[in-house]
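Per-entry structural report
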Amino acid sequence: MKKILRVGTRGSKLALAQTGWVITQIRERFPDLTVDTVIIKTKGDKITDVPLARIGGKGLFVKEIEEALLREEIDLAVHSLKDVPSELPQGLELAAFPEREDPRDALIGSGVKSVLDLPRGARVGTSSLRRQAQLRRLRPDLRILPLRGNVDTRLRKLQEGQYEAILLAEAGLRRLGIPVERVSLPPEEMLPAVGQGILALEIRSDDAETRKIVSFLHHPETAFCARAERAFLRRLEGGCQVPLAAHARLSDGQLYLEGFIADPEGRRFYREGLTGSPQEAEDLGFRLAEILLSRGGQEILEELRS
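So, a few notes on the structure that sits alongside this text. The structure presented is a predicted model; accordingly, all values stated were derived computationally and were not measured.

Glancing now at the environment of Pro-31. Along the chain, Pro-31 falls in the loop between α1 (13-29) and β2 (34-39). A relative accessible area of 66% places Pro-31 in the exposed class. Considered as a pair, Pro-31 and Asp-83 are 52 residues apart in the sequence and their alpha carbons are 30 Å apart.

Below is the structure:
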């Protein structure tokens, strides 16, 4: 067994909280193992004043960490799964998915009870094309303004009156223990991002020791959902430049997957769901993507790529 495990992470408060939780679990399980945190600054951390869709999107929060893994400067990387592109670099794999935190989006604003409750023309902060498309479909009158930065920065901008409301991931608020008043939006109203609420533990494919160390953190039900959602993403070749979402859940032994693809304005919006066996998770994601492509999603993708 290794004597030292080096864990790579971004330096944001949320990333450190997530990584800290993983490290605590590992230390409790393997008290003789020294576990070190290695903070790595990514391109997404360096550029905070531009919407992600404008600067590429794919891998902005993981590329430098994956490069450190491949150079063997770290042994394990802790990511938010929604930041991980659907295709991994050769030689790397996602070894474990801990149990999923609440995947929903949270709407935060003074006295706000729902998206429909917002005043006409209200300013809503989000830089996510996925959230924008769904908001515009529900409330075309809203003024949707860019919002980047860490959770504290986003909440501060709300408190300063720059917005009437903002949207954040419920999972991040819970992991940080932030008691801000908020409304968790149901997937029927706001479908979450692929992998939202899931942590991904990435290793080198030839590192059997680290795979064995993290195996106790793997949650099979979460893994089924992650595989279905990521297969959907992979077929659509999507990143944050495409307004799309997918959310999977297990119920009564069946895997239910729902997804959408839309244009940035939310005018063309194609949403569908499929149910199948958890063992066919990836096939379910692929088939759902094919349905949405045939209904108009292919045209949207071609327009966005051009």
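Let's shift gears to the sheet that holds strand β9 (residues 183-185). If you trace the five strands from one edge of the open sheet to the other, you get β7-β6-β8-β5-β9, paired in mixed fashion. Of all the strands in the sheet, just β7 (143-145) and β9 have a single pairing partner and so form its edges. Averaged over all neighbouring strand pairs, the angle between strand axes comes to 30 degrees, with direction disregarded. With three bridges connecting them, strand β5 (residues 105-108) and β9 associate as antiparallel partners.

The next point concerns the sheet that holds strand β3 (residues 76-80). One open sheet accounts for five strands, arranged β2-β1-β3-β10-β4; its pairing is mixed. Single-partner strands in this sheet number two, and they are β2 and β4 (92-96). Going across the sheet, the axis of each strand differs from the next one's by a mean of 35 degrees, ignoring polarity. Where β4 meets strand β10 (residues 199-204), four bridges bridge the pair, whose relative direction is antiparallel.

Of note in the backbone geometry, Glu-72 takes a positive phi value of approximately 65 degrees without being a glycine. Relative to the helices and strands, Glu-72 resides in the loop between α3 (63-70) and β3. Under the relative-accessibility criterion, Glu-72 is labelled partly exposed at 47%. Positioned with a positive phi, Asp-252 is a non-glycine residue whose angle comes to about 50 degrees. In this structure Asp-252 comes out as exposed when scored by relative accessible area, which is 79%.

A few words on the pattern of salt bridges. Any two side chains of opposite charge can pair if their charged atoms end up close together. Under the defined criterion, the tally for this structure stands at 33 salt bridges. Because the salt bridges share partners, they merge into one network encompassing Glu-101, Asp-102, Arg-104, Glu-170, Arg-174 and Arg-182.

Following the criterion strictly, the structure yields two aromatic pairs and no others. Here the aromatic rings of Phe-30 and Phe-216 are separated by 6.1 Å at their centres, their planes lie at 70 degrees, and the arrangement is edge-to-face. Of this pair, Phe-30 sits in the loop between α1 and β2 while Phe-216 sits in the loop between α7 (208-214) and α8 (220-236), and the two are 186 residues apart along the sequence. Seen from their ring centres, Phe-260 and Phe-269 are 4.5 Å apart, and the 20 degrees between their planes marks the pair as stacked. Neither residue differs from the other here; Phe-260 and Phe-269 are each classed as buried. Here Arg-137 stacks its cationic end above the ring of Phe-269, 4.2 Å away from the centre of that ring.

Counted residue by residue, helix α4 (residues 129-138) has seven buried out of 10 residues, so it is predominantly covered. Taken together, the buried positions of α4 are Leu-129, Arg-130, Arg-131, Gln-132, Ala-133, Gln-134 and Leu-135. The residue sitting at the N-terminus of α4 and contributing the capping side-chain oxygen is Ser-128; that oxygen lies 3.3 Å from the backbone nitrogen of Arg-130.

What follows covers α8. Spanning 17 residues, α8 covers 25 Å between terminal C-alpha atoms, matching the ideal 24 Å at 1.5 Å per step. For α8, the complete set of buried residues consists of Thr-222, Ala-223, Phe-224, Cys-225, Ala-226, Ala-228, Glu-229, Arg-230, Ala-231, Phe-232, Leu-233 and Leu-236. Of the residues one or two after α8, Glu-237 is the one with positive phi, at around 50 degrees.

To continue, consider the side chain of Arg-154. Along the polypeptide, Arg-154 turns up in helix α5 (residues 151-159). Ignoring anything within four residues of it in the chain, the contact list for Arg-154 reads Leu-147, Arg-148, Gly-149, Ile-166 and Leu-168.

So, how was this worked out
Residues numbered from 1 in each chain as written. Predicted model: local features only at pLDDT ≥ 70, side-chain atom pairs only at ≥ 80, totals over all residues. Heavy atoms only, no water. Helix = DSSP H or I, 4+ residues; strand = E, 2+ residues; numbered from the N terminus. Buried < 20%, exposed > 50% of the residue type's maximum accessible area, 1.4 Å probe, protein only. Pairing = 2+ DSSP bridges. Axes fitted to C-alpha atoms, helices over the stretch in contact; angles between N-to-C directions. Salt bridge = Lys/Arg side-chain N within 4 Å of Asp/Glu carboxyl O. Phe/Tyr/Trp six-rings, centres within 6.5 Å; stacked < 30°, edge-to-face > 60°. Lys NZ or Arg CZ within 6 Å of the ring centre and 35° of its normal. Polar contact = N/O pair within 3.5 Å; in protein donor to acceptor, adjacent residues only side chain to side chain. Expected span 1.5 Å × (residues − 1). Contact = heavy atoms within 4.5 Å.

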